[in-house]
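Given next are the chains, with one letter for each unit.
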Amino acid sequence: MSGARLRIRDIQTFERPMRFARPFRFGLVTVDEAPQAFLRVEVEVEGAGVATGVTAEMMMPKWFDKNPDKSPQNTIADLKASLGEAARNYAEAKDWDTAFGHHARGFAAQKMWAADSGLPGLVASFGPALVDKAIADAVLKALKLNFAEGLRRNIFGIDARQTLDLSEERIRSFLAGVGPVGDVLLRHTVGLLDSLDGAGGLEDEIRLANLRLFKIKIGGDVDADIARLKAIHDLLSRHVPDYRATLDANEQYDPERLQVLLQEMSGGELRAFREHLLYIEQPFDRAGTFAAPLGDLAGEIPFIIDEADGDYDAFPRAVELGYRGVSSKACKGFYKSVLNAVRVSALSEARPGQFFISAEDLTCQAGLGIQQDTTLVATLGLTHAERNGHHYVEGFGPASDAEAERFVAAHPNLYRQHAGGRIGLAFERGSLPTASLLSAPGFASGAEPDWSNLVPLTQHHL
């Protein structure tokens, strides 16, 4: 099977406020709450009938757009506008087409809208990313396939129209060979405001969640970052001697300060930490990323892009400048993650082991968000992921107990009842099992939120 055709009958968008259990700092901004977007789409699949697909994603302020002139509330409003525009665009498509065909048309229209509105690529991508996930969920349910099976058979109709550097044959070959990993290890984010010891500190988290992998935020103040990394290394060396870590600069460095940090890793105070480091993520601001090659900075430590990944051409452009990886995030679009994984397979033929795609998403929440993103990265063969949204939102947040219990019934190994009776992620193993996520038709949904308790945004019908 290749490229099931469908038409979109209805798209509905909703939101739910999510208050954080502790504040989190994104670059220069600290946030303690954000809304979660929910989307429900009804499609008619040719020869298979009507099905409903669902998805969810956090609308994090000041990450998709770090324009200093915009308030956090302004950036959330832009994400809502992106979602509304994408829902309208997709719903207006009258023709039968593949899921990827709908994506290609809708994404092109969305980019034009964003350009006219002065919005960056990540904001433009947010709306289509959610619509595409929900359509995928619906198509898979109609055809009684799970996500990995759907990719292997290419029922979405993924082709090379967005990635002219890839051949159709390479895409088909890659998709036919995908095989999900059985468990995705948690890579715990150590935020700039997170304490290292005491109740709720890093030492506690290591014990509670059997952690072995860590993602450490750095803020751009070289002296402060060096001192903090030394303290973190000292703690991790005592509790997890074989730990592995990644660094995330969130666009806060420039080449000169980065060079100082790298020198400390090559022969200075951070030399011992360097032995545990896997890669450095997004050191420069997204525009500056493409201003110049990495040059001498591109040594043994791989660099990857994240915020600079605003369109389909970002990864190959970054590779030309010396970068070796790109992040996968469902909020940037699952098709882009899949096609970037195809690119990695192509690049690796000439330089084995040099290029990679990584799984980076702090904010995935219990329910649809974490289930679909984890399924995506597991299907791409990624063995670990930044995955501690549960660290910032308690359980299912303000969702009802009945809603949480529906997700537990669908994925009993993924959730458990915590102290106080709240249902939340079963993180104590240090990994997330993928078996239940791939055991039923659909894009790892299995249950739906309580729609009556969500705030409607817009509805778009044929």
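It should be emphasised that the depicted structure is a prediction, and the values quoted were computed from it without experimental measurement.

Conventions adopted
Residues numbered from 1 in each chain as written. Predicted model: local features only at pLDDT ≥ 70, side-chain atom pairs only at ≥ 80, totals over all residues. Heavy atoms only, no water. Helix = DSSP H or I, 4+ residues; strand = E, 2+ residues; numbered from the N terminus. Rg over C-alpha atoms; globule rule 2.2 N^0.38 Å. Buried < 20%, exposed > 50% of the residue type's maximum accessible area, 1.4 Å probe, protein only. Areas by Shrake-Rupley, 256 points an atom, 1.4 Å probe, with all protein chains shown as cover. Lys, Arg positive; Asp, Glu negative; His and termini not counted. Charge placed at Lys NZ, Arg CZ, Asp CG, Glu CD. Axes fitted to C-alpha atoms, helices over the stretch in contact; angles between N-to-C directions. Parallel < 35°, antiparallel > 145°, perpendicular 65-115°, else oblique. Left-handed = near helix turned anticlockwise from the far one by under 90°. Contact = heavy atoms within 4.5 Å. Nonpolar A, V, L, I, M, F, W, Y, C, P; charged D, E, K, R; others polar. Polar contact = N/O pair within 3.5 Å; in protein donor to acceptor, adjacent residues only side chain to side chain. 1 Å grid on protein atoms, 1.4 Å probe; cavity = no way out; pocket = protein on both sides within 12 Å on 5 of 7 lines; lining within 4 Å. Points joined across faces, edges and corners; volume = space filled by probe spheres on them.

Novice: How would you explain the overall build of the protein if you had to name every residue and give the values?
Specialist: Counting its secondary structure elements, the protein contains 14 helices and 16 strands. The C-alpha atoms of the protein give a radius of gyration of 21 Å, which matches the 23 Å a tight globule of 462 residues would have. Each of the three principal axes of the protein carries a C-alpha extent, and together these read 65 × 50 × 45 Å. For the protein, the proportion of its 462 residues judged to be buried stands at 61%. For the protein, the computed accessible surface area is about 16,800 Å², with 49% contributed by carbon and sulfur atoms. When the 49 positive and 63 negative side-chain charges of the protein are each reduced to one mean point, those points stand 3 Å apart.

Novice: Help me get a handle on unusual backbone geometry, residues and values and all.
Specialist: In this structure, Asn210 is a non-glycine residue whose phi angle is positive, near 50 degrees. Examined against the element boundaries, Asn210 turns out to sit in the loop between α6 (202–209) and β6 (213–217). Classification of Asn210 by relative accessible area gives partly exposed; the value is 36%. A positive phi is found at Asn250, a non-glycine position, where the angle reads about 45 degrees.

Novice: Can you break down the packing of helix α2 (residues 99–117) against helix α3 (residues 121–143) residue by residue, with the values?
Specialist: Packing of α2 against α3 brings their axes to within 9 Å, and their N-to-C directions diverge by 160 degrees. Considering their axes alone, α2 and α3 lie roughly antiparallel with respect to each other. Read as a crossing pair, α2 and α3 show a hand that is right-handed. Mapping the contact onto sequence places Ala99, His103, Phe107, Gln110 and Ala114 in α2 and Ala124, Ser125, Gly127, Pro128, Asp132 and Ile135 in α3. Residue composition of the contact of α2 with α3, grouped by class: 6 nonpolar, 4 polar and 1 charged.

Novice: Talk me through the side chain of Ser327; I want residue IDs and the actual numbers.
Specialist: Its place among the elements puts Ser327 in strand β10 (residues 325–328). Assessed through its relative accessible area of 2%, Ser327 is described here as buried. At 2.6 Å, the side chain of Ser327 forms a polar contact with the side chain of Lys332.

Novice: Run through the packing of α6 against helix α7 (residues 222–239), naming residues and quoting values.
Specialist: The N-to-C vectors of α6 and α7 enclose an angle of 30 degrees; their axes lie 11 Å apart at closest approach. The orientation of α6 with respect to α7, classified from their angle, is roughly parallel. Considering only the axes of α6 and α7, their crossing is right-handed. Counted together, Leu202, Glu203 and Ile206 of α6 and Ile232, Leu235, Leu236 and His239 of α7 form the full contact between these two elements. The residue inventory of the contact of α6 with α7, partitioned by class, reads 5 nonpolar, 1 polar and 1 charged.

Novice: Explain the layout of surface pockets to me, using residue names and the numbers behind them.
Specialist: For the largest pocket, the calculated volume is near 460 Å³. Surrounding the largest pocket, 19 residues form its lining, Glu205, His390, Glu394, His418 and Phe427 being those nearest its centre. Classifying every residue of the lining of the largest pocket by side-chain character gives 7 nonpolar, 6 polar and 6 charged. If you add up the space inside the second largest pocket, you get close to 250 Å³. Taken together, 14 residues form the lining of the second largest pocket, with Leu262, Met265, Ser266, Arg274 and Ile301 sitting closest to its centre. Breaking the lining of the second largest pocket down by element, the ones donating at least two residues are α8 (255–267) and α9 (271–274). Ranked by residues supplied to the lining of the second largest pocket, first place goes to α8 with 5 residues. Each residue belonging to the lining of the second largest pocket can be placed in one class, and the counts come to 5 nonpolar, 4 polar and 5 charged.

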